[in-house]
Amino acid sequence: MKRERTDAARNRAKILAAAEAIVADRGVGGLSMAEVAAAAGVGVGTLYRRFGDRSGLAYALIDRREREFQSAFIEGPPPLGPGAEPAARARAFLDALADRTVEQLDLLVMAETAGPFARFGGAYDAYHGHLTMLIAQVRPDADASCLSDALLAPLAAPLLAYRIRECGVGIERVKSALGDLLNGLTP
């Protein structure tokens, strides 16, 4: 892996700090590339070369929290991490993913709607692979891959934002429904 130059790392940190401050102050809607560049003291071209666009910047802001979450379900303590029964791990995973999605909901909505398949790949593949593994352990006879997609679908940021903000559905209700679906998979 190629090491980042010291000045590039410093600029990246300044850019992300400026973007986080803008999002905290004005929300994701107030996030403009020109304002982030000005606040970070870098050129707009530097920002576009580094992140591509607003959704790329959103993913960079999401990245730290995402790494922490993935570390928790890969190597953290049970029930989210190894050591618990597969069904309990799947439930803990979906609950934690729901909370994690709500935590950065506006950034995730922006990132997931950047293109028709923007949600997929990267983190989604990690979630899908993990959940597929757990479901296959609980129900070896089931189509674990398709079931994983079905369980992850309600946690798509745009759908979750709509349910929470427009329909008044609380995240605990979503988690409870996902738990009911998981219970239906248990032999």
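First, a word on scope: everything that follows refers to the structure included in this document. Everything numeric here is computed off the predicted structure, so don't read it as measured data. (Residues numbered from 1 in each chain as written. Predicted model: local features only at pLDDT ≥ 70, side-chain atom pairs only at ≥ 80, totals over all residues. Heavy atoms only, no water.)

To continue, consider the packing of helix α5 (residues 86-103) against helix α7 (residues 122-138). Closest axis-to-axis distance for the α5/α7 pair is 8 Å, and the angle between their directions is 155°. By the angle between their axes, α5 is roughly antiparallel relative to α7. Seen along the crossing, α5 lies across α7 with a hand that is left-handed. In this structure, α5 uses Pro-86, Ala-87, Arg-89, Ala-90, Phe-93, Leu-94, Leu-97 and Arg-100 to contact α7, whose residues at the interface are Tyr-127, His-130, Leu-131, Met-133, Leu-134, Gln-137 and Val-138. (Axes fitted to C-alpha atoms, helices over the stretch in contact; angles between N-to-C directions. Helix = DSSP H or I, 4+ residues; strand = E, 2+ residues; numbered from the N terminus. Parallel < 35°, antiparallel > 145°, perpendicular 65-115°, else oblique. Left-handed = near helix turned anticlockwise from the far one by under 90°. Contact = heavy atoms within 4.5 Å.)

Where helix α8 (residues 144-152) is concerned, the buried positions are Ala-144, Ser-148, Leu-151 and Leu-152. All buried residues of α8 fall inside an arc of 95° around its axis, so they share one side. Summarising the contacts, the buried residues of α8 are in contact with α5, α7 and α10 (171-185). (Buried < 20%, exposed > 50% of the residue type's maximum accessible area, 1.4 Å probe, protein only. Arc of directions from axis to C-beta.)

Once that is clear, we can look at the environment of Ala-88. Within the element layout of this structure, Ala-88 appears in helix α5. Residue classification places Ala-88 among the partly exposed positions, given a relative accessible area of 34%.

Right, let's get into the layout of surface pockets. In this model, the largest pocket occupies a volume close to 380 Å³. Tyr-59, Glu-66, Ala-123, Tyr-124 and Tyr-127 are, among the 20 residues lining the largest pocket, the residues nearest its centre. Counting residues per element, the lining of the largest pocket draws most heavily on helix α4 (residues 54-75), which supplies 6 residues. Among the residues forming the lining of the largest pocket, the class breakdown is 10 nonpolar, 4 polar and 6 charged. Empty space within the second largest pocket amounts to approximately 250 Å³. Lining the second largest pocket are 14 residues, and of these Val-23, Leu-61, Glu-103, Gln-104 and Leu-107 lie nearest its centre. When contributions to the lining of the second largest pocket are tallied by element, the ones reaching two or more residues are α1 (6-26), α4, α5 and α6 (105-112). Among the elements that take part in the lining of the second largest pocket, α4 stands out by supplying 4 residues, more than any other. Residue composition of the lining of the second largest pocket, grouped by class: 8 nonpolar, 1 polar and 5 charged. (1 Å grid on protein atoms, 1.4 Å probe; cavity = no way out; pocket = protein on both sides within 12 Å on 5 of 7 lines; lining within 4 Å. Points joined across faces, edges and corners; volume = space filled by probe spheres on them. Nonpolar A, V, L, I, M, F, W, Y, C, P; charged D, E, K, R; others polar.)

Nothing here speaks to function; it is all geometry.
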